[in-house]
2 protein chains.
Amino acid sequence: MKVVIIGAVAGGTSAGAKIRRNDENSEIKIYDMDYDISYSGCGLPYYIGEEIEDRDELTPRNAEFFKKKYNIDVLRRHEVLKIDAENKVLTIKNLETEDIFYENYDKLIIATGAKPIVPDIKGSEKSNVFYLRNVRQADDIKAYILKNKPKNAVIVGTGFIGLEMAENLKKLGIHVTLIEKLNQVTPGLDSDMSVYVEKYLRSKDIDIILGDSVYKLNGDSLVNEVALESGKVLNADFIIMSIGVKPNTELAREAFIELGTNGSIKVDTKMMTNIKDIYACGDCVESFSLITKKPLYRPLGSTANKMGRIAGDSITGGNLEFRGILGTGIFKIFDMAVAQTGLTEKEARNQGFNVAVCHNIKPDKPKYYHGKEMVIKAIADKNTGKLLGVQIVGYTGVDKRIDVFVTAITFGAKAEDLFHLDLAYAPPFSTTKDPVMYTGMILDNEINKGRELITPKILNEFVKKGKDVIIIDGRVSRQYEEAHIEGAINIPQAEFRNKARKFDKNKIFVTYCNKGVTGNALQNILINNGFKKVYNLSGGHKNYKAQIIKIDK
Amino acid sequence: MKVVIIGAVAGGTSAGAKIRRNDENSEIKIYDMDYDISYSGCGLPYYIGEEIEDRDELTPRNAEFFKKKYNIDVLRRHEVLKIDAENKVLTIKNLETEDIFYENYDKLIIATGAKPIVPDIKGSEKSNVFYLRNVRQADDIKAYILKNKPKNAVIVGTGFIGLEMAENLKKLGIHVTLIEKLNQVTPGLDSDMSVYVEKYLRSKDIDIILGDSVYKLNGDSLVNEVALESGKVLNADFIIMSIGVKPNTELAREAFIELGTNGSIKVDTKMMTNIKDIYACGDCVESFSLITKKPLYRPLGSTANKMGRIAGDSITGGNLEFRGILGTGIFKIFDMAVAQTGLTEKEARNQGFNVAVCHNIKPDKPKYYHGKEMVIKAIADKNTGKLLGVQIVGYTGVDKRIDVFVTAITFGAKAEDLFHLDLAYAPPFSTTKDPVMYTGMILDNEINKGRELITPKILNEFVKKGKDVIIIDGRVSRQYEEAHIEGAINIPQAEFRNKARKFDKNKIFVTYCNKGVTGNALQNILINNGFKKVYNLSGGHKNYKAQIIKIDK
């Protein structure tokens, strides 16, 4: 059996290695256009920021490695020009010699990856407008910085590559301005979580322009100004364009391979395309949501690796099948960690779920062990109790909690299940009840125990619509006097038990405290006294305060 | 309804708080013998080691807090002398005034906790023999150190309290000797994992005496020598006895409440004892294993909290039920983290499982992002593929992996499920394939793909018994020459493909490399060439080397 693979980064090399692990006798060839193979795309921003000092660390495996270890021939700088699926022949160009030749195959794997979206903007072809997808592009950015010692960078797009670049450029002493066409940073998060990221970025002296787009890039040989749709003009010594990627699927399309979301290649759970003996894996391939089972295009190295392994297994008669993804993502900016899995609130509502939402603000460890607060936003389905998605913004221990949620959601966990997890507790690692458990308790109380939560956004809508809502601030008076929600009555918890009975039991109440725990205590007191409709403000005043900028817009 | 709770630490206060959250009208009283209530027992070693500077941080909640927040009366320094279950009356002694009085109840919760085991050793009553269970005992140790400036401490027992104390005393400049009656430290781990902990402790200049016990504590007013069963005599300025705890259940026993494992109180899943209206929770209560469903006594703060909440919920008509535990534990010693959940290999074999075992040595993050290696030992059931337990020794990211395993095992995960998890990947947080996923892949290959593993211990037994085994070392010659397994033939992987065919296909082969990955590659080559019986050495030469001290004994 002769297998040819197009693409030698995450998906292609994973596929090749798996084929060899299962089968000694196949002939395996990988063609790739690039100079570098099997590199860590996710490490590129840290290479530019000099966190990674040695370029070789990004590309630990070269062609020789694959030959020795797996008896695989990797041919770099070769472009596959055409797939003749009927005759099982590829037309290939050696980019160094420009020779064109033909290669036949028994099985073909397309792992052509994705490429950055290049916007149709005047000036975007200039040499100081950079994209970051491969090692050569990272080299170019590094070389440009070294040579020109730029002072100002404009980064277009605030996904994780944009933000990771913001940190790494900042660390090199370059001033950074982020441009985002949406009204929030980190488009993958709900806007009520993105506010935490935005505030932190601003505290790190990164300029952020939201709700605006690049109109034109001015300059002669190099771009030196960025003109925005709003009319604003920014000085820029160079530009990083990070507005997303799209799959490299022209070759597949021309071979009549079926495409799906965003033009990515449609495959079955064995990674086979609609054409027999042609498989595909990695960033050029459509995935699907573990939750909705609907198609999803979410190109990530971790998924590419999975798909590659499954493609290789399928070709050699294995029984591995792709099970779908949650679309989990995580990134670090300075000391902040931002993570997300499953559906956002927005996505869940768009999918028609009857959504329960909570904002749980908790330290990752006891304060006496230097714990730092994180905000966990969790979304569950009120009808089934099942978790749908989680977003976390914090500093330490965020990666742990998101991975626990990922695992729980994968196994169909209900909110009520989280409290029962026998998670590892010792003061250097967590609180006695882990933040994950509290998240489950809060959602379970909402879904099954009538302890309803209200988000700052919906409370604001209530107030705007003139709903007759009694808002009770249960914090101590000093905190209330510093700042409180307009119209709120201050009754510290200690006095609340006695005063609660005097209210009209048929009115709508909203209780709140600093982060939500005492607000829930007030809510319990009211409900246990027979009050009909009592909401606790999700995430308390701390979360409300963080939302105000967005709410008033 | 009047609820009386005996014990105001983790279980008792959790129960009280939950009752109030569910019900405004119950009268709730908690009696406790101690001076301090609701303290963090797990924080005590760090208070002694001055990681926790302020004593109040250990006891953030006092009686006033419970009154204000929950309308609960907490009465400290009160000993319950007798439970009259028939008449629902308690006999109580005020330890300050010595007054004795009676208190009736509608519902009773026993949360009397556990106490350190005091060995029957001459001298163990002396004032510089310390136990560490409550805040006063920690105060005593602190005061003794401050006053006497001791140079040498002997710690008896190497469970997590013993080891945490070793670290914290060492940090205060005190030389520590650990005495353990077993032939390994950390009795909760399999011995092949404890060797990693032992080696690390020794590297931190902590003396360790294994397989020995205290025979006598010598000295006049204070102990100044520890005489061991072996005849060894150690100088000691003070002793920490940490050989385990036992439940405080004399009161329960005298009231004819049914006891189980280790004398702990038997309860149903609603935390009710065999006597109606008497509940129990916390460290005095028997738990059960989520895996075997068999009774288990594993007193831990995290479980006590769970049980308390469930007891409180049951009493107020809630539907929470205790689901059992995995017996998860974690502790830190200096920079090392040691974690465990589910069954050890030894326990799994004792329970009659058909066990698959792997040792997976992987960094928690890419090397270029300062990743540190951890050793994951995972145990699965060959018959069902299900994970049974995991032990991890490492430095960073250990707590994350154990919690992901806890979550997976809780939901009945099979080894093959782990590869499919969509865990959060970015270089500052993990490798593209997380160590958890690799663990699943290795076990799945063993269970379902014929890639059998052999532990160093079993390999050694093979060799001792004179089994005709061909051992192949696939590392480069330089590594082989430095150290290798006796009798192993060195064939570096690059040459192995060609040489493999020359061997007799019917012999038994063991392949190995440094950590197991290349060993698996050699194994694949042999199996794919039709060899019948090929084992890969679990954890490679690195793990083998770590085991040698134990194996030769």
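Keep in mind that this is a model prediction, so the values were computed, not measured. (Residues numbered from 1 in each chain as written. Chains lettered and ligands numbered in written order. Predicted model: local features only at pLDDT ≥ 70, side-chain atom pairs only at ≥ 80, totals over all residues. Heavy atoms only, no water.)

**A few points about the sheet that holds strand β30 (residues 533-537) of chain B**
Within a sheet, neighbouring strands are paired by backbone hydrogen bonds and run either parallel or antiparallel to one another. Residue and element names in this part refer to chain B. A sheet is described by the order of its strands in space; here five strands give the open sequence β26-β30-β29-β27-β28, paired in parallel fashion. Each edge of the sheet is formed by a strand with only one pairing partner; in this case those strands are β26 (452-454) and β28 (489-490). Examined bridge by bridge, strand β27 (residues 469-473) and β28 share two bridges and lie parallel to one another. Among the inter-strand pairings, aspartate 473 is bridged to a residue of β28, identified as asparagine 490. (Pairing = 2+ DSSP bridges. Helix = DSSP H or I, 4+ residues; strand = E, 2+ residues; numbered from the N terminus.)

**Some points on the sheet that holds strand β4 (residues 78-84) of chain A**
Residue and element names in this part refer to chain A. A sheet is described by the order of its strands in space; here three strands give the open sequence β4-β5-β6, paired in antiparallel fashion. Each of the sheet's edge strands pairs with one partner strand only, and the pair in question is β4 and β6 (100-104). When the angles between neighbouring strand axes are averaged without regard to direction, this sheet yields 30°. (Axes fitted to C-alpha atoms, helices over the stretch in contact; angles between N-to-C directions.)

**Observations regarding a nonpolar patch on the surface**
There is a patch of nonpolar side chains on the surface, built from Leu81, Ile100 and Tyr102 of chain A and spanning about 320 Å² of accessible area. Tracing the sequence through the fold places leucine 81 of chain A in strand β4. (Patch = residues over 30% accessible without salt bridge, like charges linked within 9 Å, V, L, I, M, F, W, Y side chains within 5 Å. Areas by Shrake-Rupley, 256 points an atom, 1.4 Å probe, with all protein chains shown as cover. Salt bridge = Lys/Arg side-chain N within 4 Å of Asp/Glu carboxyl O.)

**A closer look at the packing of aromatic side chains**
Tallied over the entire structure, the rule returns 31 aromatic pairs over all chains. Ring centres 6.2 Å apart and planes at 5° place the aromatic pair phenylalanine 411 of chain A and phenylalanine 411 of chain B in the stacked group. With phenylalanine 411 of chain A in the loop between α10 (398-410) and α11 (415-418) and phenylalanine 411 of chain B in the loop between α10 (398-410) and α11 (435-448), the pair connects residues from two separate chains. Since its relative accessible area comes to 23%, phenylalanine 411 of chain A is described here as partly exposed. Between the aromatic rings of phenylalanine 503 of chain A and phenylalanine 509 of chain A, the centroid separation amounts to 5.4 Å while the plane-to-plane angle is 75°, which identifies the pairing as edge-to-face. Here the aromatic cluster, defined as three or more aromatic residues joined through ring pairs, consists of Phe65, Phe66 and Tyr70 of chain A. The ring of tyrosine 35 of chain B is capped by arginine 77 of chain B, whose NZ or CZ atom sits 4.1 Å from the centre of that ring. (Phe/Tyr/Trp six-rings, centres within 6.5 Å; stacked < 30°, edge-to-face > 60°. Buried < 20%, exposed > 50% of the residue type's maximum accessible area, 1.4 Å probe, protein only. Lys NZ or Arg CZ within 6 Å of the ring centre and 35° of its normal.)

**Details of unusual backbone geometry**
Residue and element names in this part refer to chain B. Positive phi values are uncommon outside glycine, yet aspartate 205 reaches one of about 65°. A relative accessible area of 45% places aspartate 205 in the partly exposed class. A positive phi angle is found at aspartate 277, which is not glycine, with a value near 70°. Mapped onto the elements of the fold, aspartate 277 is located in the loop between α7 (250-254) and β18 (278-280).

**Remarks on the relation of the copies chain B and chain A**
Between chain B and chain A, which share one sequence, the superposing operator has a rotation angle of 180° and an axial displacement of 0.0 Å; the RMSD is 0.0 Å. A rotation of that kind, with that shift, is consistent with a two-fold axis. A share of 99% of interface residues in chain B that are also interface residues in chain A marks the association as one of identical surfaces. (Least-squares fit on C-alpha atoms with pLDDT ≥ 70 in both. Contact = heavy atoms within 4.5 Å.)

**Some details on the pattern of salt bridges**
Across all of its chains, the model carries 74 salt bridges over all chains by this definition. The salt bridge partner of lysine 171 of chain A is glutamate 167 of chain A, with a shortest N-O separation of 2.8 Å. Taken together, the positions of lysine 171 of chain A and glutamate 167 of chain A, both in helix α5 (residues 160-171) and four residues apart, correspond to about one turn of that helix. Measuring nitrogen to oxygen at the nearest pair gives 3.1 Å for the salt bridge that ties lysine 365 of chain B to aspartate 364 of chain B. With respect to class, lysine 365 of chain B is no different from aspartate 364 of chain B; both count as buried. In the salt-bridge network here, residues are joined through shared partners; they are Asp190, Asp192, Glu345, Arg349 and Lys377 of chain A.

**Notes on the packing of helix α1 (residues 10-22) of chain B against helix α8 (residues 301-315) of chain B**
Residues and elements named next belong to chain B. Close contact between α1 and α8 brings their axes to 7 Å; oriented N to C, the two are set at 35°. Here α1 runs over α8; the crossing is right-handed. Contact residues: α1 offers Ala10, Gly11, Ser14, Ala15, Lys18, Ile19 and Asn22, while α8 offers Gly301, Ala304, Asn305, Gly308, Arg309, Gly312, Asp313 and Ile315. (Left-handed = near helix turned anticlockwise from the far one by under 90°.)

**Some points on the interface of chain B and chain A**
Each side of the interface is counted separately: chain B has 81 residues, and chain A has 80 residues. In total, about 7,600 Å² of surface goes out of reach between chain B and chain A, with carbon and sulfur atoms giving 56% of it. Connecting chain B to chain A are 10 salt bridges. Its salt-bridge partner being arginine 497 of chain B, residue glutamate 24 of chain A comes within 3.0 Å of it at the nearest N-O pair. (Buried area = accessible area lost by both parts, 1.4 Å probe.)

**Thoughts on the nonpolar core**
The nonpolar side chains of soluble globular proteins are, as a tendency, buried together. Membership of the largest hydrophobic core comes to 164 residues, with the highest contact counts inside it found for Ile83, Ile109 and Ile110 of chain A together with Ile83, Ile109 and Ile110 of chain B. For isoleucine 110 of chain B, the residues in contact, after removing those within four places along its chain, are Ile6, Ile83, Ala252, Ile257, Ile265, Ile278, Tyr279, Ala280, Cys281 and Cys284 of chain B. (Core = buried A, V, L, I, M, F, W, Y, C linked by side-chain atoms within 4.5 Å.)

**Some words on empty space enclosed by the protein**
Counted by the stated rule, this structure contains five cavities of 30 Å³ or more. Along the walls of the largest cavity sit Cys42, Phe160, Glu164, Leu300, Gly329 and Ile330 of chain A together with Tyr425, Ala426 and Pro427 of chain B, which together make up its complete lining. Taken together, the elements giving at least two residues each to the lining of the largest cavity come down to α5 and β21 (329-333) of chain A. Looking at the lining of the largest cavity residue by residue, the classes come out as seven nonpolar, one polar and one charged. (1 Å grid on protein atoms, 1.4 Å probe; cavity = no way out; pocket = protein on both sides within 12 Å on 5 of 7 lines; lining within 4 Å. Points joined across faces, edges and corners; volume = space filled by probe spheres on them. Nonpolar A, V, L, I, M, F, W, Y, C, P; charged D, E, K, R; others polar.)

**Details of the state of the cysteines**
Residue and element names in this part refer to chain B. Using the criterion set out here, one finds zero disulfides over all chains in the structure. The thiol of cysteine 42 is unpaired, and the distance to the nearest cysteine sulfur, on cysteine 281, comes to 16 Å. In this structure cysteine 358 is not part of a disulfide, and its nearest cysteine sulfur, from cysteine 513, lies 14 Å away. Overall, cysteine 358 belongs to the buried group, its relative accessible area being 0%. (Disulfide = S-S within 2.5 Å.)

**Some remarks on the domain arrangement of chain A**
Size of an interface, as often reported, equals the accessible area lost when the parts are brought together. All names here are of chain A. Under the domain assignment used here, chain A contains domain 1 (2-39 + 57-113 + 246-315), domain 2 (129-243), domain 3 (335-445) and domain 4 (452-551). Taken residue by residue, the interface counts nine residues in domain 3 and nine residues in domain 4. In this assembly, domain 3 packs against domain 4 so that about 810 Å² is buried in total across both faces, 51% of it on carbon and sulfur atoms. On the domain 3 side of the contact with domain 4, His359, Ile361 and Glu373 bury the most area, a combined 57% of that side's loss. Counting the contacts that link domain 3 with domain 4 gives two salt bridges. A salt bridge links lysine 542 to glutamate 373; its shortest N-O distance comes to 2.7 Å. (Domains from an automatic or database assignment.)

**Looking at the pairing of strand β21 (residues 329-333) of chain B**
All names here are of chain B. Of all five residues making up β21, four are buried, and the element is well covered by its neighbours. Summarising the sheet, β21 and strand β22 (residues 336-342) pair through five bridges and their orientation is antiparallel. Residue phenylalanine 331 lies in a different strand from β22, and its bridge partner there is valine 338. Hairpin connection of β21 to β22: two residues between the antiparallel strands, including phenylalanine 334 at a positive phi of 50°.

**Concerning helix α4 (residues 135-148) of chain A**
All names here are of chain A. Under the 1.5 Å per step criterion, the end-to-end length of α4 is 20 Å for 14 residues, consistent within 8% with the ideal 20 Å. Those residues of α4 not exposed but buried are Val135, Ala138, Asp139, Ile141, Tyr144 and Ile145. Where α4 is buried, its residues touch α2 (44-48), β9 (129-130), α5 and β16 (238-241). For α4, the N-terminal capping position is held by asparagine 134, with its side-chain oxygen 3.3 Å away from the main-chain nitrogen of arginine 136. Phi turns positive one or two residues past the end of α4, at lysine 149, with a value near 45°. (Expected span 1.5 Å × (residues − 1). Polar contact = N/O pair within 3.5 Å; in protein donor to acceptor, adjacent residues only side chain to side chain.)

**Re a negative patch on the surface**
All names here are of chain A. Taken together, the side chains of Glu50, Glu53, Asp54, Asp56 and Glu57 make up a negatively charged region of the molecular surface. Within the secondary structure, glutamate 53 sits in the loop between α2 and α3 (63-70). Residue class for glutamate 53 comes out exposed when judged on its relative accessible area of 71%. (Lys, Arg positive; Asp, Glu negative; His and termini not counted. Charge placed at Lys NZ, Arg CZ, Asp CG, Glu CD.)

**Notes on the environment of alanine 426 of chain A**
All names here are of chain A. For alanine 426, the location among the structural elements is in the loop between α11 and α12 (435-448). Relative accessible area serves as the criterion here: at 3%, alanine 426 is assigned to the buried category. Once the C-alpha coordinates of alanine 426 and glutamate 86 are considered, the two residues, 340 residues apart in sequence, prove to be 62 Å apart.

**Some points on the environment of proline 295 of chain A**
Residue and element names in this part refer to chain A. In this structure, proline 295 sits in strand β20 (residues 295-296). Here proline 295 falls in the partly exposed class, since its relative accessible area comes to 46%. With 29 residues separating them along the chain, proline 295 and glycine 324 place their C-alpha atoms 9.1 Å apart. Aside from chain neighbours lying at most four places away, what touches proline 295 is Thr261, Lys266, Glu286, Ser287 and Phe288.

**As for helix α16 (residues 517-528) of chain A**
Residues and elements named next belong to chain A. Across its 12 residues, α16 extends 16 Å between first and last C-alpha, which sits within 8% of the 16 Å expected from 1.5 Å per residue. With respect to burial, α16 is a largely interior element, 10 of its 12 residues being buried. Listed in full, the buried residues belonging to α16 are Thr518, Gly519, Asn520, Ala521, Leu522, Gln523, Asn524, Ile525, Leu526 and Asn528. Looking at the residues trailing α16, positive phi occurs at glycine 530, about 95°.

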